[in-house]
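Chain and residue survey
For reference, the chains in residue letters:
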Amino acid sequence: MASPQSASGGAEPHATRQHDVDGPRVDGSRVDEHRVDAPLWPAPVAAGPVRATVRLPGSKSVTNRALVLAALADAPGTVRLALRSRDADLMAAALRALGAEMTPSNESADSVDWSVTPRPVRGGVSIDAGLAGTVMRFVPPVAALAGGPVFFDGDPHARKRPMGPILGALRALGASVDNDALPFTIRGPISGGEVVLDASVSSQMVSGLLLAGARFEKGVTVRHDGPPVPSMPHIEMTVQMLRRAGVEVDDTETDVWRVQAGPVRAGDVTVEPDLSNAAPFLAAALVTGGAVVVPDWPEETTQGGDALRGLLAEMGARVERVPEGLRVTGTGSLRGIDADLRDVSELTPTIAALAALADGPSRIRGVAHIRGHETDRIAALATEINRLGGDARETDDGLEIRPRPLTGGVFRSYADHRMATAGAVVGLVVPGVEVEDIATTAKTLPEFPRMWAAMLGSEGLGEGR
Ligand SMILES: O=C(O)C1=C[C@@H](OP(=O)(O)O)[C@@H](O)[C@H](O)C1
Ligand SMILES: C=C(OP(=O)(O)O)C(=O)O
């Protein structure tokens, strides 16, 4: 990826520096131990209102579903404008290890077209899930189609992310699995059937089973039993993409999904821009009183990031579709918000960053499960906002954030791409913010530092990429 650059410091590549000391400790926080050797990135302060067009690469969620379906299909297919990022590369590597032939073309730093030739799923291989929820939850059901053992592991924090419900479901369907979290070895093959699980920790428990379900001899019926399932638009995305691939899915009963056994006709898919990754760029328009346009914003989509249109308007932005794409304009007012983000929980870090800069109190609800995301995001956001002098309080299922002037300091990212971009948003208007490990944005947006600098380009007319 491009080396981080400071927009405020001109064009010269700026040196990220190591922590001098450990920084202030916040006792009692449940956030993970951070990397004390991770470089610090001086977040550029906006010189004035940003005015930019920011073209986002492909959606992580669509890319990784499309790749799985292509690898399970009955004929070769293509995934165009697929995201290239750590999570997407890990998915491609996993499917290749399991036997699929994957040929890239039209590659750039963050985009690629994949030609995928499906092959019988083979065992006897190891899969690295990194910190990718989509890899650790979508690939095991594929691996369960193999005759031999498949070993899974990932980053240190990945071992703490919830896996129990999906591994239990695969066990109930006949696989042998030797652990309830990473690392584990799964041995199939399974023939499918009906399972009951609690998906309140992650919608990916359901999506993973559905994506491979048509290839199980008996198909699969997944029944959720427990507190509400978060991120439901992501399950709708799974269902819609399966149907587009000719798979019959019945989702008429609440919390029950039935996938018929049958061929997967993945065909030729073009990936939409990642709307969740648009969040920090659109937020820049709000906090600087500028305007940011994101081209190719889909008219209709199952991406949860589409909810930004309503959320940012509620916080004071003017949001409009223009011929060039979606335009968000800051009006000078940044209001607090009371929002249930259960369906769109991956937007929480950006909304929390905005809330910390708003002129009134905010409450974010319905996101208890994001304690199991890349890090405990509720604890991490409260810790980092408060470290800069803010007033954020954890609740059981979210955050309460009150206005209080912020000052510069280290904003830790905990290997979480969305924590890093939240720090960048705050740093636009709070001098002296240093984001730890900005390179962690490579999880879904490897060009983030370059795109951020371009957005802040000297004439304020920067193309975002
Ligand atoms: O299926 C997917 O592509 C995703 C589902 C959601 O997970 P959770 O249901 O765990 O929130 C979302 O937050 C994640 O970024 C991507
Ligand atoms: C929760 C996220 O990722 P993952 O797919 O790893 O769960 C995210 O990107 O915000």
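Residues numbered from 1 in each chain as written. Chains lettered and ligands numbered in written order. Predicted model: local features only at pLDDT ≥ 70, side-chain atom pairs only at ≥ 80, totals over all residues. Heavy atoms only, no water.

Rule in force here: UniProt positions are given in the numbering used here, feature names are shortened, and annotations may be inferred rather than shown by experiment.
As recorded in an unreviewed UniProt entry, the protein goes by the name 3-phosphoshikimate 1-carboxyvinyltransferase, listed as coming from Microbispora triticiradicis. UniProt, in its Pathway (unreviewed entry) section for the protein, records the words "Metabolic intermediate biosynthesis; chorismate biosynthesis; chorismate from D-erythrose 4-phosphate and phosphoenolpyruvate: step 6/7." According to its UniProt record, the protein has this under Subcellular location (unreviewed entry): "Cytoplasm".

**Brief notes about the UniProt feature "binding site: phosphoenolpyruvate" (unreviewed entry) in the protein**
To be explicit about the condition: In this analysis the probe radius is 1.4 Å and the grid spacing 1 Å, with only protein atoms considered; a cavity is a set of points the probe fits into but cannot get out of, a pocket is an open set with protein on both sides within 12 Å along at least five of seven lines, and lining residues have an atom within 4 Å of a point. A run of H or I in DSSP counts as a helix once it spans at least four residues, and a run of E counts as a strand once it spans at least two, with each numbered from the N terminus. Whether two residues touch is decided by their heavy atoms; if any such pair falls within 4.5 Å, the residues are in contact. Between buried and exposed lies partly exposed: a residue is buried under 20% and exposed over 50% of the maximum accessible area for its type, with that area taken using a 1.4 Å probe on protein chains only.
Under the UniProt annotation, "binding site: phosphoenolpyruvate" (unreviewed entry) lies at Lys 60, Gly 133, Arg 161, Gln 204, Arg 377, Arg 418 and Lys 443. Considered against the largest cavity, the annotated residues that line it turn out to be Lys 60, Gly 133, Arg 161, Gln 204, Arg 377, Arg 418 and Lys 443. Along the chain, Gly 133 falls in helix H3 (residues 133-143). When neighbours within four sequence positions are excluded, Gly 133 is seen to be in contact with Phe 138, Arg 161 and Gln 204. Here Arg 377 is to be found in helix H10 (residues 377-387). Its relative accessible area of 1% is what places Arg 377 among the buried residues. Excluding residues within four positions of it along the chain, Arg 377 makes contact with Glu 346, Pro 349, Ile 370, Arg 371, Asp 416, His 417 and Arg 418.

**Section: the domain arrangement of the protein**
Selection criterion: What fixes the domain bounds is an automatic or database domain assignment. Joining two parts hides part of their accessible area as seen by a 1.4 Å probe, and the buried area is that hidden amount summed over both. Basic side-chain nitrogens of Lys or Arg form a salt bridge, by our definition, when they fall within 4 Å of a carboxyl oxygen of Asp or Glu. Contacts described as polar in this section are N or O atom pairs within 3.5 Å, which, within protein, must combine one atom able to donate a hydrogen with one able to accept it, while residues neighboring in sequence count only if both atoms come from side chains. Note that Gly is not counted as nonpolar here; it falls among the polar residues with everything else outside the nonpolar set of Ala, Val, Leu, Ile, Met, Phe, Trp, Tyr, Cys and Pro and the charged set of Asp, Glu, Lys and Arg.
On domain assignment, one finds that the protein holds domain 1 (40-56 + 273-456) and domain 2 (60-270). Distance between the C-alpha centres of domain 1 and domain 2: 29 Å. Every contact between the two is made by 21 residues of domain 1 and, on the other side, 25 residues of domain 2. A buried area of about 1,800 Å², summed over both sides, lies between domain 1 and domain 2, and 54% of it is on carbon and sulfur atoms. Linking domain 1 to domain 2 there are one salt bridge. A salt bridge links Asp 87 to Lys 443; its shortest N-O distance comes to 2.7 Å. Along the contact surface separating domain 1 from domain 2 lie nine residue pairs in polar contact (both at pLDDT 80 or more). Classifying every residue of the side of domain 1 that touches domain 2 by side-chain character gives four nonpolar, nine polar and eight charged.

**Focus: the environment of Ala 88**
By secondary structure assignment, the location of Ala 88 is in helix H2 (residues 86-97). The spacing of Ala 88 and Ala 73 is 15 residues in sequence and 19 Å in space, taken between C-alpha atoms. For Ala 88, the contacting residues outside a window of four places in its chain are Thr 63, Asn 64, Leu 67 and Leu 83.

**Some words on the side chain of Gln 204**
If you trace the backbone, Gln 204 turns up in helix H5 (residues 204-213). Among the polar contacts made by the side chain of Gln 204, one reaches the side chain of Arg 137 at a distance of 2.5 Å. Among residues more than four places away in sequence, those in contact with Gln 204 are Gly 133, Thr 134, Arg 137, Phe 138 and Ile 166.

**Looking at the side chain of Ser 203**
Relative to the helices and strands, Ser 203 is located in the loop between strand E10 (193-197) and H5. Apart from the residues within four sequence positions on either side, Ser 203 is in contact with Val 229, Pro 230, Ser 231, His 234 and Ile 235.

**Examining the pattern of salt bridges**
Under the counting rule described, the total for this entry stands at 29 salt bridges. Several salt bridges share partner residues, and in doing so they unite Asp 87, Glu 374, Arg 377, Asp 416 and Lys 443 into one network.

**What to know about the site of ligand 2**
Let me state the cut-off plainly: Being near a molecule or strand, for a residue, means having at least one of its heavy atoms within 4 Å of it. For the area figures, the Shrake-Rupley method with a 1.4 Å probe applies, and any residue is considered shielded solely by the protein chains shown. Just a note on the criterion: a molecule sits in a pocket or cavity if more than half of its atoms are within 2 Å of the grid points.
The immediate surroundings of ligand 2 are formed by 14 residues, with Lys 60, Gly 133, Arg 161, Arg 418 and Lys 443 found nearest. Between ligand 2 and the protein, one listed contact pairs an oxygen atom with a side-chain N or O atom of Lys 60 at 2.7 Å. A distance of 2.7 Å separates an oxygen atom of ligand 2 from a polar atom in the backbone of Gly 133. If ligand 2 stood free it would expose 300 Å²; the protein chains cover 97% of that surface. Assessed atom by atom at 2 Å from the grid points, ligand 2 resides in the largest cavity.

**Concerning the nonpolar core**
What counts is decided by this rule: We define the nonpolar core as a collection of buried residues of types Ala, Val, Leu, Ile, Met, Phe, Trp, Tyr and Cys that are connected through side-chain atoms lying within 4.5 Å of one another.
The biggest cluster of nonpolar side chains holds 80 residues, and the ones touching the most others in it are Ile 186 and Leu 210. Ignoring any residue separated from it by four or fewer positions in sequence, one finds Leu 210 in contact with Val 220, Val 222, Ile 235, Thr 238, Val 239, Leu 242, Trp 257 and Val 259. In terms of nonpolar packing, the next biggest core, distinct from the first, is built from 72 residues, Leu 56, Leu 354, Tyr 414 and Leu 428 among them.

**Quick word on the site of ligand 1**
Taken together, 14 residues surround ligand 1, and among them Ser 61, Arg 65, Ser 203, Ser 231 and Glu 346 come closest. Within the side chain of Ser 231, one N or O atom sits 2.7 Å away from an oxygen atom of ligand 1. One nitrogen or oxygen atom from the side chain of Ser 345 is found 3.4 Å from an oxygen atom belonging to ligand 1. With the chains in place, 96% of the 380 Å² that ligand 1 exposes on its own is no longer accessible. With respect to the pocket detection grid, ligand 1 is positioned in the largest cavity. Going through the elements one at a time, helix H1 (60-71) and H3 are the ones with two or more residues in the shell around ligand 1. In terms of residue count, the dominant contributor to the shell around ligand 1 is H1 (three residues).

**Things to note about H1**
The condition that has to hold: Each residue after the first adds 1.5 Å to the expected span of a helix.
Its 12 residues place the ends of H1 17 Å apart at the C-alpha level, agreeing with the 16 Å of an ideal helix rising 1.5 Å per residue. Counting buried residues in H1 gives 12 out of 12 residues, a clear majority hidden from the surface. Of all the residues in H1, the buried ones are Lys 60, Ser 61, Val 62, Thr 63, Asn 64, Arg 65, Ala 66, Leu 67, Val 68, Leu 69, Ala 70 and Ala 71.

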